[in-house]
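Survey of secondary and tertiary structure
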Amino acid sequence: MKRYILFIACLIISSAVYAQTSEKMNDKPSVYIGVQAGMPMGVSSFSSLKADFPGWDAGMFAGYRFNDMMSVELDASFGNLNMLPRTFCKQYFFDEEADIRYMRLKHKTFIHRYSARFNLNVLSFFAATQNTPWKAEISPALSLLGRSGKFVRLADESDVIGMTKGFNFGVGCRIGASYMFDGKYQVGVYAGYTQFTG
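What you see is a predicted model; the values in this text were computed from it and never measured.

1. Focus on unusual backbone geometry
In this structure, asparagine 131 takes a positive phi of about 55° despite not being glycine. Within the secondary structure, asparagine 131 sits in the loop between β9 (105–121) and β10 (134–153).

2. Looking at the pattern of salt bridges
Per the counting criterion, the structure on display carries 6 salt bridges. With a closest N to O distance of 3.4 Å, aspartate 57 and arginine 113 form a salt bridge. Here aspartate 57, found in strand β5 (residues 56–65), pairs with arginine 113, found in strand β9; they are 56 residues apart in sequence, far enough to count as distant. The pair formed by aspartate 57 and arginine 113 is uniform in burial state, with each residue classed as buried. As a salt-bridge pair, glutamate 73 and arginine 174 come within 3.3 Å of each other at their nearest N and O atoms. Placement of glutamate 73 in strand β6 (residues 70–85) and of arginine 174 in strand β11 (residues 164–181) is noted, with a sequence separation of 101 residues between them. Judged by relative accessible area, arginine 174 falls into the buried class, the value being 8%. Put simply, Glu73, Asp75, Arg117 and Arg174 are held in one network by salt bridges that share partners.

3. Concerning a nonpolar patch on the surface
Taken together, the side chains of Val31, Tyr64, Phe66, Val72 and Phe118 define a hydrophobic patch exposed on the protein surface, amounting to about 410 Å² of accessible area. Exposure remark for valine 72: the relative accessible area of 33% places this residue in the partly exposed category.

4. Topic: the packing of aromatic side chains
With the rule as written, the count across this model stands at 5 aromatic pairs. Between the aromatic rings of tyrosine 64 and phenylalanine 66, the centroid separation amounts to 5.0 Å while the plane-to-plane angle is 80°, which identifies the pairing as edge-to-face. By relative accessible area, tyrosine 64 is classed as partly exposed at 34%. Members of the aromatic cluster, joined through ring pairs, are Trp56, Phe78 and Phe110. In this arrangement the basic side chain of arginine 174 is found over the ring face of tyrosine 190, its NZ or CZ atom lying 3.9 Å from the centre.

Thresholds, definitions, all that
Residues numbered from 1 in each chain as written. Predicted model: local features only at pLDDT ≥ 70, side-chain atom pairs only at ≥ 80, totals over all residues. Heavy atoms only, no water. Helix = DSSP H or I, 4+ residues; strand = E, 2+ residues; numbered from the N terminus. Salt bridge = Lys/Arg side-chain N within 4 Å of Asp/Glu carboxyl O. Buried < 20%, exposed > 50% of the residue type's maximum accessible area, 1.4 Å probe, protein only. Patch = residues over 30% accessible without salt bridge, like charges linked within 9 Å, V, L, I, M, F, W, Y side chains within 5 Å. Areas by Shrake-Rupley, 256 points an atom, 1.4 Å probe, with all protein chains shown as cover. Phe/Tyr/Trp six-rings, centres within 6.5 Å; stacked < 30°, edge-to-face > 60°. Lys NZ or Arg CZ within 6 Å of the ring centre and 35° of its normal.

So yeah, pure geometry; function would need other evidence.
Quick look at the structure:
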């Protein structure tokens, strides 16, 4: 169980939609803030559970844009994952004395994530796509993930084992596309991968 709890925090893939406001960006320095929402998923190659369906994730971010090419960002978000047993271990005992098998359980995992990232707009490198309302960004990031979770019965969601908690550091990257309209509102989508320690 310990390996599972640590590794579910190790690999997170998320996609999100966000909106932000700022002064007209172009090549002028500016500060911006926004909100984001998405669907994180967690997988593990050596644990007994995985997320077969996306969870939910929501948060806020703030950033400073140096010019059309570069910006830095801080964000905070929280969300939830429901982890189900892998096919190969559904018949295994979670607690043999109590006759509890993995097939009768799920793991409810609450996550809160804090990240610092650097955004590089690749469209600004090409003359044909400079000074357009579109951005295509690559964003390496450092993250801190807090997680807490518990095993519950599928039948009635009653607790099997109490809450466990911890923190893990991670490194990752995301790619995204966004569009700015009215000179100061921006909407976009992104997908990313983060590998956490533990």
